[in-house]
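# Topology and contacts: notes
Okay, here's what each chain looks like letter by letter:
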Amino acid sequence: MTVRNGATRNRIAAVAATTALVLGLTTACGSSGGSNSGTIHVLVYGDSANKVEKQIVDTFNKTSKVKVVLDTIPGADYQAKLNTIINTPQAPDIFFNWGGGSIAPYAKKNLLLPLDDMIAKDPGLKANFLPSVFNTAVVDGKSYGVPMRGTQPVLLFNNKKVLASAGLSVPQTWDDLINDVKVLKGKGLTPIALGGGDQWPTLMWFEYVFDRVAGPDLFQKALAGDKSVWARPESHKALGMLKQLVDAGAFGSNFESVKFTDGGSPALLAKGKAAFELMGSWEYSTQQSNNPDFAKNDLGYSAFPTVSGGKGDPKDLVGNTNNFYSVLKKTKHPDTVAAFLKLMYSDEFVKAQLGIGNLPTTTNTDKFLSTSASPDYSKFQFDLVKAAPSFQLSWDQAYPPAAATPLHTAIVKFFDGKTDANGFIQAMQSLSNS
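Residues numbered from 1 in each chain as written. Predicted model: local features only at pLDDT ≥ 70, side-chain atom pairs only at ≥ 80, totals over all residues. Heavy atoms only, no water.

## Structural notes on the sheet that holds strand 3 (residues 94–97)
Read across the open sheet, the five strands follow the order 2-1-3-12-6; overall the sheet is mixed. Lying at the two open borders of the sheet, with one neighbouring strand each, are strand 2 (67–74) and strand 6 (146–148). Each strand of the sheet is rotated relative to its neighbour by a mean of 30°, with strand direction disregarded. Sheet topology places strand 6 next to strand 12 (residues 323–327); three bridges connect them, and they run antiparallel. Looking at the pairing, Met148 lines up with Asn323 of strand 12. Lying on the sheet, helix 2 (residues 50–61) is in contact with strand 1 (39–46), strand 2, strand 6 and strand 12; it crosses strand 2 at an angle near 170°. (Pairing = 2+ DSSP bridges. Helix = DSSP H or I, 4+ residues; strand = E, 2+ residues; numbered from the N terminus. Axes fitted to C-alpha atoms, helices over the stretch in contact; angles between N-to-C directions. Contact = heavy atoms within 4.5 Å.)

See below:
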């Protein structure tokens, strides 16, 4: 989801790289949140959205005796590094996550602080957020996360100038998309920018196509343990459509060497070398930061195309329902933590997130849509989320962290043509649900 900011997403790095990263973090976090120095450490996913986190930390530190220290980890390394330090003296007090499967293993290992007592003292920590979003971080009936940043639906972004010069409009159906791909390829362009080197952007295509063809039930049943659903006819149909897109040259020939996390795929879109990019809503803040003129004038966006005869509702969304702050049980400053989390529903927080194109999930967000960096973009997202019958959490966040690497490997091999539909199905059936 970001992202996966979401870009905000679960990226598992090699063990050697992780070890080096941990050594780098040791001096940053200190031990047990720096209790002896009167500080708490907040660990976040490093990306263009960090300027809001820094702003909120500065606001908090103006009045708090116990200070907050903000630590960031580059997005591509975030989950691997977090996994390595989560049960060590270098663990932070508060850490960024995606809820769902991304925190369930930590909760089961008794590493997290249930927030129910904090919520009893300050009901706003729960009541000021949309229930469907807040509940994403509830594990075994206990609350383990407070929403931060915003909801992050995956959208189909476009370069308005490229589409106009090619005489094309935003695709409404899958057939429209295939036609656009053929036209753009004929003009020597890469139709769709894809950061395949990060792997997770490729997964977004699977999530949407499967949802449009089969509806959300197939994935939910698989996640609940019914692995047979991966072999259903709808699964084969979705995989056939994805192969059709790849074979049509939609992503060019070198998408596995392009990354989103280093700005590669967003640059292809901004510079007019590609017409589309399927990405989480953080694409806007990324372009705003790296290519501000493009973000202001020529960045277009739309919902994912419909699929004729599909069981999924055309209004369904996939992505990251939200990011969350969770708390380590061993924090020495729970009262300070509670006071800091309270800022996640403040007016300042909502306005600041809207200012970078994010959409907070507080109950009063709609009051501030006009203050957004792009009111039209924020309202577009808000209306989509409000109307969505289903908002499916990204597969690599819904599954436990241990499933991320085999999941990513399966989708990469299928896109590369190194495995067929049966191979992909077998890989998905082999994923661990716990």
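Don't stop here, the text continues.
## Comments concerning the packing of aromatic side chains
Scanning the entire structure with this criterion turns up 33 aromatic pairs. Arranged with centres 6.0 Å apart and planes meeting at 90°, the rings of Tyr45 and Trp98 form a pair that is edge-to-face. With a gap of 53 residues between them, Tyr45 in strand 1 and Trp98 in the loop between strand 3 and helix 4 (104–108) connect regions that are remote in the sequence. Here the two residues Tyr45 and Trp98 agree in accessibility, since each one is buried. Judged by centre distance (5.1 Å) and plane angle (50°), the ring pair of Tyr301 and Phe380 falls under tilted. Remark: Phe380 occurs in helix 18 (residues 375–387) and Tyr301 occurs in strand 10 (residues 299–302); sequence separation between them is 79 residues. (Phe/Tyr/Trp six-rings, centres within 6.5 Å; stacked < 30°, edge-to-face > 60°. Buried < 20%, exposed > 50% of the residue type's maximum accessible area, 1.4 Å probe, protein only.)

## Describing the packing of helix 20 (residues 404–416) against helix 21 (residues 421–429)
At a minimum axis separation of 9 Å, helix 20 and helix 21 run at an interaxial angle of 175°. On the basis of their axis angle, the class for helix 20 and helix 21 is roughly antiparallel. Side by side, helix 20 and helix 21 meet where Leu407, Ala410, Ile411 and Phe414 of the first sit next to Ala421, Phe424, Ala427 and Met428 of the second. For the contact of helix 20 with helix 21, a count of residues per class yields eight nonpolar, no polar and no charged. (Parallel < 35°, antiparallel > 145°, perpendicular 65-115°, else oblique. Nonpolar A, V, L, I, M, F, W, Y, C, P; charged D, E, K, R; others polar.)

## Details of the packing of helix 10 (residues 200–214) against helix 20
Contact geometry of helix 10 with helix 20 gives a least axis separation of 9 Å together with a crossing angle of 80°. By the angle class used here, helix 10 and helix 20 are roughly perpendicular. Contacts between helix 10 and helix 20 involve Trp200, Thr202, Leu203, Trp205 and Phe206 from the former and Leu407, His408, Ile411, Phe414 and Phe415 from the latter. Of the residues contributing to the contact of helix 10 with helix 20, the split by class is eight nonpolar, two polar and no charged.

## Structural notes on the pairing of strand 3
Side-chain alternation along strand 3 places Ile94 and Phe96 on one buried face and Phe95 and Asn97 on a second face that is also buried. Judged from the two bridges that link them, strand 1 and strand 3 form a sheet pairing that is parallel. Along strand 3, the bridge assignment pairs Val42 with Ile94.

What is shown is where atoms sit, not what they do.
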